[in-house]
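Now for the letters of each chain:
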Amino acid sequence: MPGSAQDGAHDADAPDTNRDADRDGDRPVPGPSRRTALRTAGAAASAAFLLPVVSAAPAARADQPPSDGTSSPEGAGALQRAFVAAAQEHGVPLSVLLGVSYLQSRWDGHRGAPSVTGGYGPMHLTDAFTALSSAPHHSQGTEDARGDLARPLKVPEASVPEPRQLPARLRTLDRAAELTGLSAAELRGDAAANVRGGAALLAATQKRLGLPPSEDPADWYAAVAAYPGADSAAAATVFADDVYDVIRGGAARTTGDGERITLDAVPGVAPDRRQLRSLGLPDPQRDPHVEAPGNVSCEWIPAPYEQFGDNDYGNHDLGNRPLSQSIDYIVIHDTEGSWDTTLKLVQDPTYVSWQYTLRSSDGHIAQHVPLKDVAWHAGNWYVNAKSIGLEHEGFLTAPDAWYTEAMYRSSARLVKWLARRYGIPLDRQHILGHDNVPGTTATTIRGMHTDPGPYWDWAHYFSLLGAPFHRTAGASGGLVTIRPDYETNEPVYTGCERAGQECAPHGSSAVRLHTAPSDDAPLVKDIGLRPDGADSTTGVNDTGARATTGQSYALAGRQGDWTAIWYLGQQSWFRNPRRRPTAVYGKGLVVTPKPGLAEVPVYGRAYPEKEAYPEGVPVQAVSPLPYKLLAGQRYALGLRTQGEYLWATTFDANGHIVVRGQDVYYQIQFGHRVAFVRAADVRVRRSGR
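Keep in mind the model is a prediction, meaning the values are calculated, not measured.

### A few points about the environment of Asn 436
Then, number 1: Residue position: Asn 436 is located in the loop between strand E14 (431-433) and helix H11 (458-464).
Then, number 2: Spatially, the C-alpha atoms of Asn 436 and Gln 669 are 9.2 Å apart, while their sequence positions differ by 233 residues.
Then, number 3: What Asn 436 contacts, discounting residues up to four positions off in sequence, is Arg 428, Gln 551, His 672, Arg 673 and Val 674.
Then, number 4: One polar contact links the side chain of Asn 436 to the main-chain amide nitrogen of Gly 433, over a distance of 2.8 Å.

Written out as structure tokens, the structure is:
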């Protein structure tokens, strides 16, 4: 399978970044719609092998005694001193306090901005009510998550829980305020106060469990395990083991505010894991339906496959993948609703579905749909039939912000395991955000969802996957891979809380694209999003002029601090200064129109030619999107595939048919979303030629 260049490791002069409906036919074919019933079966598994710490501190020297958890490095900044002071005030070992904070926020205060689940500050003290989304993910907009016009789906409206219904794990800031006497505003907005609040929570848990206020970090296992509010022994164990893995290895990182935080390694720490029993958490055996690696906590909460109404069914389709169809993609989503709300929805036969949901506080996972079956999540039926969907707990719209380290790690472990199982390359042509999935036809482009959004840290995520983005060629390689320094890359976004209002400054994985090499030049236009030719905007959900970390594009020019790429059929410029680069050079394969062709149509799915359809299966039109790949332009090639269509409109899966054609398609990085071109229309060549 040919692939485009992908980047990872840093250039010598690069900053340190190693710290995410319709089924087409000319006319809709009549058929049922979509839904699902309630049923929860919980089962969790204990963790085993842990990911290494991303940015390890130097090991303790032979002449240097191990850290006693009470001191801070010489010349420490304000936040490091705040950790030391809070640890001393509440009798919590410094290494424990720093380790818990690392698994929550990687020590970042995020300037008072909440996480996607309403957690604040370095200790991720939760006050979800202030950041609660107005509607869950798949209930927003006009996207049909199934993405098949042969059987359109109308998603029912879903309600958001009242604040009093929120679980305790989403209300820890109130408890911290009670323990410290600090106001909620201080705990949200002041990093030092926030650290004091987290230390107070740990100390209070240690006391409640009847455990001594020991200076030995090994004596704090139960308090650490209880911190994220896990509801099973397996989930609590994974979180605590990760914290102690960080403590053993040590870590050092520069936060978004430019402060260097250091956790000295305590390599010999051996926590008393028997303490976990004092939490009284259920510890069921892992359900045999669960498909997940042993080093994550995962339970089985099935999405129903049921009939209802007038010959309708939901909320997914039975399949026999990968024998029936290959699994080529993993799609990263953001739930835009709480964990509990999301689980209720996926158990509704009239709603939509996805394979996994991941919890923010501790990285716990629930599986809903067997991997052999087809879930309805991506808004593109072709992608649904060949993908696995992961929903990460978060409220993207209230406002966009950051994700916890615990969830990043758990997600990376799951994705790495899935990729190995199905032979999926770890690159951004196969690991997609929902915001990278193309609309199926011209009419569906505007309704496509935009999660996980510009604040998902793709560079960190791929480092955890063991596939960091790095330079693979020199300036003549012909490709560039987007890779700004997440912490310092802060493009202005609007609309996080109110339309037109600037979002709080925050690190981002995305760069803006202009029509000329100037900040004053207009943003490039997306005629699919705005058929009237209106300009792209700085809106946080506007993907019309945006390229994101890990995406590779064909080089189209350079001028001073600016680099141009081919994007949506036009030359598009982004700022890429040598001393603070936002991209790295690469090489790979590209496609360009065959000689004699002035333009080539672009598609949102790779469907077969009409001759491939057997009798009884309506032909699905091969409908081009409103974009053109013009002569002289090049686009990075991601994968090669033959035309394929899953006909599945009946509850009885015996009536489902996979139609395969002779037409060959290439998937390309065309804009912010991927797209497809017919192999018959283009030629493939090396990018540097």
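Read on for the rest.
### A short note on the environment of Ile 327
Then, number 1: Its place among the elements puts Ile 327 in the loop between strand E8 (316-317) and strand E9 (329-334).
Then, number 2: Exposure remark for Ile 327: the relative accessible area of 3% places this residue in the buried category.
Then, number 3: Between the C-alpha atom of Ile 327 and that of Arg 421, which follows or precedes it by 94 residues, the distance is 10.0 Å.
Then, number 4: Leave out the neighbours within four places in its chain, and Ile 327 touches Arg 321, Leu 371, Lys 386, Ser 387, Ile 388, Tyr 422 and Ile 424.

### What to know about the nonpolar core
Then, number 1: If you look at the biggest cluster of nonpolar residues, it comprises 56 residues, and the most contacted ones within it are Phe 83, Val 96, Leu 97, Val 100, Leu 202 and Val 224.
Then, number 2: Elements supplying a minimum of two residues to this core: helix H1 (78-90), helix H2 (94-105), helix H3 (172-180), helix H5 (191-208), helix H6 (221-226), helix H7 (233-249) and strand E4 (260-263).
Then, number 3: Here this core gets nine residues from one element, more than from any other, and that element is H7.
Then, number 4: Those residues within four positions of Val 100 in sequence are excluded, and the remaining contacts are Met 123, Leu 202, Val 224, Tyr 227, Phe 239 and Val 243.
Then, number 5: Listed in part, the 44 residues of the second largest apolar core include Leu 523, Leu 589, Val 602 and Tyr 635.

### What about the sheet that holds strand E15 (residues 479-482)?
Remark on secondary structure: sheet strands pair via backbone hydrogen bonds, oriented parallel or antiparallel.
Then, number 1: One open sheet holds the five strands; their spatial order is E20-E19-E18-E15-E21, and the pairing between them is antiparallel. The open sheet is flanked by strand E20 (570-575) and strand E21 (583-586), the only strands paired with a single partner. Neighbour-to-neighbour, the strand axes of the sheet open up by a mean angle of 45°, direction not taken into account.

### Some details on the side chain of His 368
Then, number 1: Along the chain, His 368 turns up in the loop between strand E11 (365-367) and strand E12 (374-375).
Then, number 2: In terms of polar contacts, His 368 uses its side chain to reach the side chain of Thr 357, at 2.7 Å.
Then, number 3: Dropping the residues within four chain positions of it, His 368 is found in contact with Trp 300, Ile 301, Pro 302, Ala 303, Leu 343, Val 346, Trp 354, Gln 355, Tyr 356 and Thr 357.

### Some remarks on a positive patch on the surface
Then, number 1: Taken together, the side chains of Lys 587, Arg 683, Arg 686 and Arg 689 make up a positively charged region of the molecular surface.
Then, number 2: With respect to the secondary-structure elements, Arg 689 resides in the segment after strand E28 (682-686).
Then, number 3: A relative accessible area of 63% means that Arg 689 is categorised as exposed.

### Quick notes on H2
Then, number 1: With 12 residues, H2 extends 16 Å between its outermost C-alpha atoms, agreeing within 8% with the 16 Å of an ideal straight helix rising 1.5 Å per residue.
Then, number 2: Of all 12 residues making up H2, 12 are buried, and the element is well covered by its neighbours.
Then, number 3: For H2, the set of buried residues is Leu 94, Ser 95, Val 96, Leu 97, Leu 98, Gly 99, Val 100, Ser 101, Tyr 102, Leu 103, Gln 104 and Ser 105.
Then, number 4: Looking one or two residues past H2, Arg 106 carries a phi angle of roughly 55°, positive in sign.

### Digging into the pattern of salt bridges
Then, number 1: What the rule picks out here adds up to 28 salt bridges.
Then, number 2: Between Arg 111 and Glu 490 there is a salt bridge whose closest N-O contact spans 2.9 Å. Pair noted here: Arg 111 is in the loop between H2 and strand E1 (119-120) and Glu 490 is in the loop between E15 and strand E16 (510-512), with a separation of 379 residues, a long-range link.
Then, number 3: For Glu 490, a relative accessible area of 29% translates into the label partly exposed.

### Some points on the packing of aromatic side chains
Then, number 1: All chains considered together, the criterion is met by 24 aromatic pairs.
Then, number 2: Both rings, one in Trp 458 and one in Tyr 461, keep their centres 6.0 Å apart while their planes meet at 75°; by these two values the pair is edge-to-face. Of this pair, Trp 458 and Tyr 461 both sit in helix H11, three residues apart, roughly one helical turn.
Then, number 3: A relative accessible area of 1% means that Trp 458 is categorised as buried.
Then, number 4: Look at Tyr 461 and you get buried, because its relative accessible area is 0%.
Then, number 5: Taking 4.6 Å as the distance between ring centres and 35° as the angle between the ring planes, the aromatic pair formed by Phe 462 and Phe 469 counts as tilted.
Then, number 6: Members of the aromatic cluster, joined through ring pairs, are Tyr 403, Tyr 408, Trp 456, Trp 458, Tyr 461, Phe 462 and Phe 469.
Then, number 7: Seen from the ring of Tyr 120, Arg 188 lies directly overhead, with NZ or CZ sitting 5.9 Å from the centre.
Then, number 8: Over the face of the ring belonging to Trp 339 we find Arg 359, whose NZ or CZ atom lies 4.9 Å from the ring centre.

### Considering helix H10 (residues 405-422)
Then, number 1: Taking 1.5 Å as the rise per residue, H10 with 18 residues should run 26 Å; its terminal C-alpha atoms sit 26 Å apart, in good agreement.
Then, number 2: With 15 of 18 residues buried, H10 lies mostly within the body of the structure.
Then, number 3: Of the residues flanking the end of H10, it is Gly 423, one or two places downstream, whose phi is positive at about 65°.

Quick notes on the rules
- Residues numbered from 1 in each chain as written.
- Predicted model: local features only at pLDDT ≥ 70, side-chain atom pairs only at ≥ 80, totals over all residues.
- Heavy atoms only, no water.
- Helix = DSSP H or I, 4+ residues; strand = E, 2+ residues; numbered from the N terminus.
- Contact = heavy atoms within 4.5 Å.
- Polar contact = N/O pair within 3.5 Å; in protein donor to acceptor, adjacent residues only side chain to side chain.
- Buried < 20%, exposed > 50% of the residue type's maximum accessible area, 1.4 Å probe, protein only.
- Core = buried A, V, L, I, M, F, W, Y, C linked by side-chain atoms within 4.5 Å.
- Pairing = 2+ DSSP bridges.
- Axes fitted to C-alpha atoms, helices over the stretch in contact; angles between N-to-C directions.
- Patch = residues over 30% accessible without salt bridge, like charges linked within 9 Å, V, L, I, M, F, W, Y side chains within 5 Å.
- Areas by Shrake-Rupley, 256 points an atom, 1.4 Å probe, with all protein chains shown as cover.
- Salt bridge = Lys/Arg side-chain N within 4 Å of Asp/Glu carboxyl O.
- Lys, Arg positive; Asp, Glu negative; His and termini not counted.
- Charge placed at Lys NZ, Arg CZ, Asp CG, Glu CD.
- Expected span 1.5 Å × (residues − 1).
- Phe/Tyr/Trp six-rings, centres within 6.5 Å; stacked < 30°, edge-to-face > 60°.
- Lys NZ or Arg CZ within 6 Å of the ring centre and 35° of its normal.

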